[in-house]
Amino acid sequence: MSRKNASIRLFLIIFTFMTLFLNIWAVSININNNFTLNNEAESIHIDFHDKSALKSSDNGNPSLDYSSFHQNATKVYRLFQSIKFNINASKFSNPNYTVMRIRYFNDVEEDFNMNHESGTENFTYIYTPRYNDHTGLTFVSFLIYNITDDLLSSTIPITNFTINSNFLLFFTSPELEYHRNDTLSAEIIVNDEPQPYDFNWNVTIVDSDNETLQNNLFDVGNNLGEFSFVVDNRFNFTNDFYYVKINMTNSSGIPNVAAYYPFKVLNSLPEIIVPSISFSVSPLMRAEDCTLRLNVTDSDTYTLPENLTVTMIVQTSAGVLEAPIELTNHNNWTFSTIFSVGLTKPVGRYQIHIELEDQYGGKDNTTVFLSIENNPPEIHDFWVNGLAMDQSVSVNYGEDLIFTFNVSDAENTIDYITVSLLDTEYNWYNISRIYIPGMKITVRTEELITGVWYAYVSITDVDGATTYLNSGYGLAPQEINIIPDLLTPVLPWIGFFFGLLIGILVGVGILYKKFKTKYVEPKEVPSKKPSKAPKTVPSKKKVVKEVEKIETKESDEVYKEPQRKIKRKLK
C-alpha cells in the first residue's frame, strides 16, 4: 500500500506543476498577441475624434494635435462636392510648407501641397474627389516641413473621410482592351444625391480626357442605363486609349461636370498566311540548307510592310528550343530565311514556331512541322586487289580478294561496312567489319567456289542508315572471276602414276642386274651327224649341266693355250 500511495502522490505533484506551466504559457501568448498590432493597423482603428486615441509619431516626431486641424465634412460625393482642411502648425518650429497625404481605400497614396495663408502658420486645402478616385473610407495625414525640408511631424494619419459617388460605370470586359470588331458594353448607374441635384447625362466617345484637345468620335446617347457599340473603323487601331465621356447636367443650373472612363483599342493584329509557308527541302537532312518562305498581311491603316518583323524558333524532337532566327523582310509582305539543323542534333519531327509582330506590339503566331532526317553514308569508290569498280577482276583460286574503300558520312558516324558475294547458284557469302579509316576487308577464295561471283558493298552508320551499291555497271555488282586450278586436283594421280612407273623401272633394273650373270645364252655346236630325233626343249637341269660342261671345256681350252715368251730388249 505504501508504494501505491507514493505513486499517487508523485502523479498529483507532476500534474499540478504541468497545469501551472500551461496556464502561465497561455497567459504569455495572450499578452503577446495583444501587442502585435502594427502601426498601420492601429491607425485604422483610431477614433480621430477622441483626443486620447492620438498616437505618437512612428518616426519620432510629434503628431499634429487634434485641436490644430479642422475639416468641414466627413462625407463627400465625387465631382460634385468638396471637403476643406485647415491646420495650424504653430506648435512646430519654423514650419515652411505642408503636404496633405491621402490614402485611399485601395491603399493608394497621393500627396497634395496645401496652401499657406500669408502672415500666419495656417495651411488649407480644398479637396474635390475626381471621377476615378476610389470610393470608400479615406485616411489623411499632414506632413509639416521646415525651410530645409526637414520633416517635423508624424506621418501617421490623424483623420478620415468617406468618398461617395452619385454615378458609376461598369464595363462588361474587365480587361478594358478591345480588338477590331469587338463589342464594348457598359452599364451606368446615376443617383440624384446629394439633394437638390437632378441629373441628366450624355454619353459620348472621345480620344482624350483633356477637353481642350479631345475629339468627339461619336455620341452614344442620353440618359442611358446601359449601352454597347462595335469597335470599328472609327478607331485607328493603334493601341490608343479612348474614353467614355459622361457629361452630367444638373437641372437646377449647377455647371456640367464630365467623367471619363478609359478603355484601350488594340491595333488590328497582323496575320500570317499559313498556306503560304513553304520549305525548299522537306524532309530535311541534317546540315542541309533549307529556305523558309511565307506571306503576311495587316489591315491596320498605319501598318506598312516594313513595320513588321517575323522570327522563327526551331524546337528539336527532344523539345529543346534553339535561338530565335529573324527572317528577312522583303518589304512586300513576304519574308524568307535560310537555315539548317546541326549535325549533332537528333533526327525526328521538329516544330517550327513562327511569330509575326507589328510596330504596336500586335502579334500573330503559328507552328508548323518539319521532319529532320539522317544523312546516309556515301560510297565514293572501292577497289578489289587494287582494281577499280569499272575494271574486270580475275584471280586464281587460292589468292585473296582484298577490298579497300573510299567512303564518307556527313555526321562522321559510319558504323560498319559489309561485303556480300553472290555466285551464279545464288549462294551468298557475307562479311562485315567495324569501320576504321583506311580499313581493308580480306576474303579468302579458299572459302568460295570457283567461277563468277558478284560483289555487293554496303555501308551503315550509327543511326541505321545504309547505302548500297547494288545496281549499275561501275557501281555494283562487281563481277569477280575466280579461275579454277586444273593441275592441283590431278597432282596426286600424276604422282601416283609417276611413282608406279619409277617403281616398275627400278624393279626391272634390280632384277636385270641380279640375273645378268646367271643367265648366258648357249652357243650352238653343229653336230656331224644330225640326229633325226625330234628336238625337245631341254630341262633346266640338263641345260644347267650342259652350260657347266661347256664352261668347263672352255676353261680347259683356255688353260691349254700355249704361252708366249716375252722378250725384253736390254739396253
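Before reading further, recall that the structure is shown in the block above.
The notes below deal with the structure included here.

Points about the overall build of the protein chain
Part 1 of the argument: A tally of helices and strands in the protein chain yields four helices and 35 strands.
Part 2 of the argument: When each of the 571 residues of the protein chain is scored for burial, the buried share is 33%.
Part 3 of the argument: If you take every contact in the protein chain between residues at least 6 apart in sequence, the share linking residues at least 24 apart comes to 64%.
Part 4 of the argument: Only carbon and sulfur atoms are counted for the fraction: they give 54% of the accessible area of the protein chain, which is about 36,500 Å².

What about the sheet that holds strand β20 (residues 290-297)?
Strand pairing in a sheet relies on backbone hydrogen bonds. The paired strands run either parallel or antiparallel.
Part 1 of the argument: Read across the sheet, four strands follow the order β18-β20-β24-β23 without closing on themselves; strand pairing throughout is antiparallel. The sheet is open, and its two borders are formed by β18 (271-279) and β23 (328-329), each paired with just one other strand.
Part 2 of the argument: When β20 meets strand β24 (residues 334-339), the two strands line up antiparallel, connected through six bridges. Across the sheet, leucine 294 pairs through a bridge with phenylalanine 335, a residue of β24.

Focus: the packing of aromatic side chains
Part 1 of the argument: Applying the stated criterion to the full structure yields 26 aromatic pairs.
Part 2 of the argument: Ring geometry for phenylalanine 69 versus phenylalanine 142: centroids 6.0 Å apart, planes at 40°, classification tilted. In this pair, phenylalanine 69 is assigned in strand β1 (residues 69-71) and phenylalanine 142 in strand β8 (residues 136-146), connecting sequence segments 73 residues apart. Phenylalanine 142 carries the same exposure label as phenylalanine 69, and that label is buried.
Part 3 of the argument: A centroid spacing of 6.5 Å and a plane angle of 90° characterise the contact between phenylalanine 80 and phenylalanine 167, whose relative ring orientation is edge-to-face. Of this pair, phenylalanine 80 sits in the loop between β2 (75-77) and β3 (83-88) while phenylalanine 167 sits in strand β10 (residues 167-171), and the two are 87 residues apart along the sequence. One exposure class covers both phenylalanine 80 and phenylalanine 167, and it is buried.
Part 4 of the argument: Residue placement shows arginine 349 over the ring face of phenylalanine 369; its charged tip is 3.9 Å from the ring centre.

Quick notes on the sheet that holds strand β29 (residues 400-408)
Part 1 of the argument: Strands sit in the order β27-β29-β32 across an open sheet of three strands; the sheet is antiparallel. The open sheet has two edge strands with one neighbour each: β27 (378-384) and β32 (440-444). On average, each strand axis in the sheet is tilted by 25° relative to the strand beside it, whichever way the strands run.
Part 2 of the argument: In this sheet, β32 lies alongside β29 in antiparallel orientation, the contact comprising five bridges. Its bridge partner lying in β32, phenylalanine 403 is registered against isoleucine 441.

Here's the deal with the pattern of salt bridges
Part 1 of the argument: Here the structure, examined in full by the defined rule, presents ten salt bridges.
Part 2 of the argument: A salt bridge links arginine 101 to aspartate 111; the nearest nitrogen and oxygen atoms lie 2.9 Å apart. Of this pair, arginine 101 sits in strand β4 (residues 95-103) while aspartate 111 is found in strand β5 (residues 109-113), placing the two residues ten residues apart along the sequence.
Part 3 of the argument: One salt bridge in this structure joins aspartate 232 and arginine 234, with 3.0 Å as the shortest N-O distance.
Part 4 of the argument: Taking relative accessible area as the criterion, aspartate 232 reaches 24% and is therefore assigned partly exposed.
Part 5 of the argument: Salt bridges sharing partners connect three or more residues here, namely Glu110, Arg130 and Asp133.

Notes on the environment of glutamate 479
Part 1 of the argument: Relative to the helices and strands, glutamate 479 is located in strand β35 (residues 478-483).
Part 2 of the argument: By relative accessible area, glutamate 479 is classed as partly exposed at 42%.
Part 3 of the argument: Measuring from C-alpha to C-alpha, the distance between glutamate 479 and valine 452 comes to 6.7 Å, with 27 residues separating the pair along the chain.
Part 4 of the argument: Apart from residues lying up to four places away in sequence, glutamate 479 is in contact with Val393, Val452, Trp453 and Tyr454.

Notes on a nonpolar patch on the surface
Part 1 of the argument: Residues Phe497, Leu500, Ile504 and Val508 make up a contiguous nonpolar surface patch of about 380 Å² in total accessible area.
Part 2 of the argument: Looking at where isoleucine 504 falls in the secondary structure, it is placed in helix α3 (residues 487-515).

Considerations on unusual backbone geometry
The phi angle of most residues is negative, glycine excepted, and most peptide bonds adopt the trans form.
Part 1 of the argument: For the peptide bond that leads from serine 282 to proline 283, omega is 0°, which places it in the cis range.
Part 2 of the argument: Relative to the helices and strands, proline 283 is located in the loop between β18 and β19 (284-285).
Part 3 of the argument: Its identity is not glycine, yet asparagine 412 carries a phi of approximately 55°, on the positive side.
Part 4 of the argument: Relative to the helices and strands, asparagine 412 resides in the loop between β29 and β30 (414-423).
Part 5 of the argument: The backbone of tyrosine 426 sits at a positive phi, close to 65°, despite the residue not being glycine.
Part 6 of the argument: Note on placement: tyrosine 426 falls in the loop between β30 and β31 (428-434).
Part 7 of the argument: Tyrosine 426 sits in the exposed class, given a relative accessible area of 68%.

Overview of the side chain of threonine 337
Part 1 of the argument: Here threonine 337 shows up in strand β24.
Part 2 of the argument: A residue is classified by how much of its surface remains accessible, and threonine 337, at 10% relative accessible area, is buried.
Part 3 of the argument: Threonine 337 has contacts with Cys290, Thr291, Leu292, Met312, Ile325, Glu326 and Leu327, leaving out every residue within four places of it along the chain.

A few points about the nonpolar core
Part 1 of the argument: Leu169, Phe171, Phe227, Phe235, Val244, Ile246 and Phe263 are the most contacted members of the largest nonpolar core, which has 33 residues in total.
Part 2 of the argument: Taken together, the elements giving at least two residues each to this core come down to β10, β12 (183-190), β13 (199-206), β15 (226-230), β16 (240-250) and β17 (257-265).
Part 3 of the argument: It is β17 that provides the largest number of residues to this core, a total of seven residues.
Part 4 of the argument: The next biggest cluster of nonpolar side chains, apart from the first, holds 27 residues, and it includes Val395, Ile441, Ala455 and Leu469.

Calculation notes
Residues numbered from 1 in each chain as written. Predicted model: local features only at pLDDT ≥ 70, side-chain atom pairs only at ≥ 80, totals over all residues. Heavy atoms only, no water. Helix = DSSP H or I, 4+ residues; strand = E, 2+ residues; numbered from the N terminus. Buried < 20%, exposed > 50% of the residue type's maximum accessible area, 1.4 Å probe, protein only. Contact = heavy atoms within 4.5 Å. Areas by Shrake-Rupley, 256 points an atom, 1.4 Å probe, with all protein chains shown as cover. Pairing = 2+ DSSP bridges. Phe/Tyr/Trp six-rings, centres within 6.5 Å; stacked < 30°, edge-to-face > 60°. Lys NZ or Arg CZ within 6 Å of the ring centre and 35° of its normal. Axes fitted to C-alpha atoms, helices over the stretch in contact; angles between N-to-C directions. Salt bridge = Lys/Arg side-chain N within 4 Å of Asp/Glu carboxyl O. Patch = residues over 30% accessible without salt bridge, like charges linked within 9 Å, V, L, I, M, F, W, Y side chains within 5 Å. Core = buried A, V, L, I, M, F, W, Y, C linked by side-chain atoms within 4.5 Å.

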